[in-house]
Amino acid sequence: MNTSFLLRRLGYGLLLMLGVVVLNFLLIRLAPGDPALVIAGEMGGATQEMLDSIREEYGLNKPVAVQLLLYIGNVLQGDLGESFFFNQPVSSLIAQRVLPTILLVITAQVLSIVIGVVLGVLAARKPNGVMSAFVSVFATIGYAVPVFWTGIMLVILFASIFPIFPVEGMQSVKLRDASGLVKALDILHHLVLPAFTLAVIYLAQYARLSRASMLEVLGSDYIRTARAKGASPRSVLFKHALRNAALPILTVAGLQFGNLISGALLVETVFNWPGMGRLAFESILRRDYPTIMGVLFFASGMVVVANILTDMSYRLADPRLRGKG
Amino acid sequence: MRDQDTNFQAESPALEAWRMFRRNIPALIGVAMLSLIILATLYGSFFYGGDPFDIVWAPQEPPGMTPEFPLGTDYLGRDLVAGLLTGGGPTLAVGAAAAAITMGIGISMGALAGYYGGWVDNLLMRVTEFFQVLPALLFAMVLVTLFSPSLFTIAMAIGLVSWPQTARLTRAEFLKIKQLEYVTAARAIGARNKRIIWKVILPNALPPLIVSATLTVGVAILFEAGLSFLGLGDPNVMSWGLMIGSNREYILDAWWPVTFPGLAIFFTVFSVSLIGDGLNDAFNPKLRER
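Residues numbered from 1 in each chain as written. Chains lettered and ligands numbered in written order. Predicted model: local features only at pLDDT ≥ 70, side-chain atom pairs only at ≥ 80, totals over all residues. Heavy atoms only, no water.

Visitor: Talk me through the nonpolar core; I want residue IDs and the actual numbers.
Guide: It is characteristic of soluble globular proteins that their nonpolar side chains tend to be buried jointly. Ranked by internal contacts, the top residues of the largest apolar core, which has 150 residues, are Phe148 of chain A together with Phe139, Met141, Leu227 and Ile265 of chain B. Residue contributions to this core reach at least three from each of two domains, namely domain 1 (3-76) and domain 2 (93-321) of chain A. Not counting chain neighbours up to four residues away, the residues in contact with Phe139 of chain B comprise Leu23, Leu27 and Leu296 of chain A together with Phe131, Leu134 and Val161 of chain B. Judged by nonpolar contacts, the second largest core, of 17 residues, contains Met103, Ile107, Ile196 and Ile201 of chain B. (Core = buried A, V, L, I, M, F, W, Y, C linked by side-chain atoms within 4.5 Å. Buried < 20%, exposed > 50% of the residue type's maximum accessible area, 1.4 Å probe, protein only. Domains from an automatic or database assignment. Contact = heavy atoms within 4.5 Å.)

Visitor: Please provide a residue-by-residue account of the domain arrangement of chain A, values included.
Guide: Residues and elements named next belong to chain A. Segmentation of chain A into domains returns domain 1 (3-76) and domain 2 (93-321). The distance between the C-alpha centroids of domain 1 and domain 2 comes to 33 Å. With 19 residues of domain 1 in contact, the opposing surface of domain 2 contributes 15 residues. Between domain 1 and domain 2 the total buried area reaches about 1500 Å² when both faces are included, carbon and sulfur atoms providing 76% of it. Together, Phe5, Arg9 and Met17 form the three largest contributors to the area buried by domain 1 at its contact with domain 2, with a combined 33%. The interface formed by domain 1 and domain 2 includes 1 salt bridge. Here Asp311 ties to Arg9 by a salt bridge, and the two come within 2.4 Å at their closest N and O atoms. Run the count over domain 1 and domain 2 and you get 2 residue pairs in polar contact (both at pLDDT 80 or more). The biggest single contributor to the side of domain 1 that touches domain 2 is helix H1 (residues 3-30), with 12 residues. (Buried area = accessible area lost by both parts, 1.4 Å probe. Salt bridge = Lys/Arg side-chain N within 4 Å of Asp/Glu carboxyl O. Polar contact = N/O pair within 3.5 Å; in protein donor to acceptor, adjacent residues only side chain to side chain. Helix = DSSP H or I, 4+ residues; strand = E, 2+ residues; numbered from the N terminus.)

Visitor: A description of the interface of chain B and chain A should follow, citing residues and the corresponding values.
Guide: Listed per partner, the contact involves 44 residues of chain B and 53 residues of chain A. Taken over both partners, the interface formed by chain B and chain A buries close to 4200 Å², and the fraction arising from carbon and sulfur atoms is 78%. Two residues, Asp277 of chain B and Arg208 of chain A, come together in a salt bridge whose shortest N-O distance is 3.6 Å. Counting across the chain B and chain A interface gives 7 residue pairs in polar contact (both at pLDDT 80 or more). Within the residue set of the side of chain B that touches chain A, elements represented by two or more residues are helix H5 (118-133), helix H6 (136-146), helix H9 (193-229) and helix H11 (256-283) of chain B. Of all the elements, H11 of chain B adds the most residues to the side of chain B that touches chain A, at 11 residues. Per-class residue counts for the side of chain B that touches chain A are 31 nonpolar, 7 polar and 6 charged. (Nonpolar A, V, L, I, M, F, W, Y, C, P; charged D, E, K, R; others polar.)

Visitor: Please provide a residue-by-residue account of the packing of H1 of chain A against helix H12 (residues 289-317) of chain A, values included.
Guide: Describing two packed helices takes the angle between their axes plus the distance from one axis to the other. Residues and elements named next belong to chain A. The geometry of H1 relative to H12 is characterised by a closest axis approach of 10 Å and an angle of 160° between their N-to-C directions. By the angle class used here, H1 and H12 are roughly antiparallel. Crossing handedness for the pair H1 and H12: right-handed. Counted together, Phe5, Leu6, Arg9, Leu10, Gly13, Leu16, Met17, Val20, Val21, Asn24, Leu27 and Ile28 of H1 and Tyr289, Met293, Leu296, Phe297, Ser300, Gly301, Val304, Asn307, Ile308, Asp311, Met312 and Arg315 of H12 form the full contact between these two elements. Tallied by class, residues from the contact of H1 with H12 come to 16 nonpolar, 5 polar and 3 charged. (Axes fitted to C-alpha atoms, helices over the stretch in contact; angles between N-to-C directions. Parallel < 35°, antiparallel > 145°, perpendicular 65-115°, else oblique. Left-handed = near helix turned anticlockwise from the far one by under 90°.)

Visitor: Kindly report on the environment of Ser232 of chain A, identifying the contributing residues and their values.
Guide: Here Ser232 of chain A lies in the loop between helix H9 (221-228) and helix H10 (233-271). Under the relative-accessibility criterion, Ser232 of chain A is labelled partly exposed at 37%.

Below is the structure:
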């Protein structure tokens, strides 16, 4: 891994984040009405004092360029504004919600890639077999089901018919003060349905993608060579073929991350999962703009980080790219 | 001999694709299903009257219990059939409009970037990457909340967050096609850039773009449903997403008010995706074995 590449990638990431900050600023300015009122939230409860303090903090009486610089300066200091509804700084609100979202998104990502790739590889062994047909049908269905509806159907199923998984929240009330392991198991138990709901759509896509990618690789000369030298079918499939077929899967996994966060927003709302998506939903209902903007900023940051990680793992996975700027 | 030659030329790629498509049974099922859904949403309420917001019966009447309300009623006692028939309109309209906006922005950006290359390409691709960093649904939620939730705003918001993929696809096609001989030939006879982009390259880049447009309609429908489910749709217009969202609190008492609209969304997007797959096969016969 070369450092100058990493530094350049990080610098570019920061530039993108700066773009998000500018966009946030523009959105508040472009929204109809007095920006101070917009920031205070359209609850009608904003007092004159509150509006004055907002005008002061954001410099709303100064020229637009100065306002923008002030806004960027605030964000650089970790100040994303104050939520007037929750009566807390936005940054601490998000800090409370970020871990559940990361847990949900990463679990769903891992689940969908692992199961999807296994299904795809099995399907690629027999391009016209039952498994292949199943993967194609499943992928088309997976694409068409609204993720929030899958969640609701699972809630109905598991709340009334098979009550084996909790359908709401992240922890049981009675286990909130439990010790480490019990608590972790409790969270995992609550994680099953939301993570599965989120994983299903992407799982179908990964299955279809890895099937196509494997079929392409399995037709290549080096696979024939590997078979000719007597490598076992399992070794050919998983060692020779999958390693080469993995690159497009990795690319898509990186690109999917933003969509995964969008999906998490809906899934968190369905399962009352206490993450950033749920926070975004609550703050949008209350027109709590600083919080919404903060969530948009933070979620975009997560996508940027995921993209950098994808680029790096791409270089690790493909030796041809190593050492290149 | 001459006759045969002209006959051979008459087989245009579009005609060939149509012949492939016509023999693709899943795609035809998709067309039939989608036509049925569109007809039902356009003319259904003409035969089956009733305002979907009217409270007409006891709340949460299960389906099949009352002949007048075959699919039952929701938590307020509103007729589900009336809701399903009128609720498809906004969903389909927003889906189509958003897909058109997506294709419009995406094709323009991708065409300019791919054709001109150099700094234009660099700049436009940076803009594209920037939009890919924003989590689409979240950004659309922000736009809709800031600028009042009308069908137009929703279609605009979905279009604004969905175009980057189309732009990338268009750019890749343009990069490939602009090196071909007929483009050089067009330039040699003095065609201007504008003409080469829109009249020479774009028509030849269309097949993958048509497939992508079809799939974009599906994604846009899911998007609209998600926004309405969250309560960010136009509150004065009944839509499938809104039906699911407004009955969400009562799912453990009544499964039907959320199940039927969900199935309606599913079958709509499913038929769109069957058509998309069929078009893809028709345009790329070589890929069919995959």
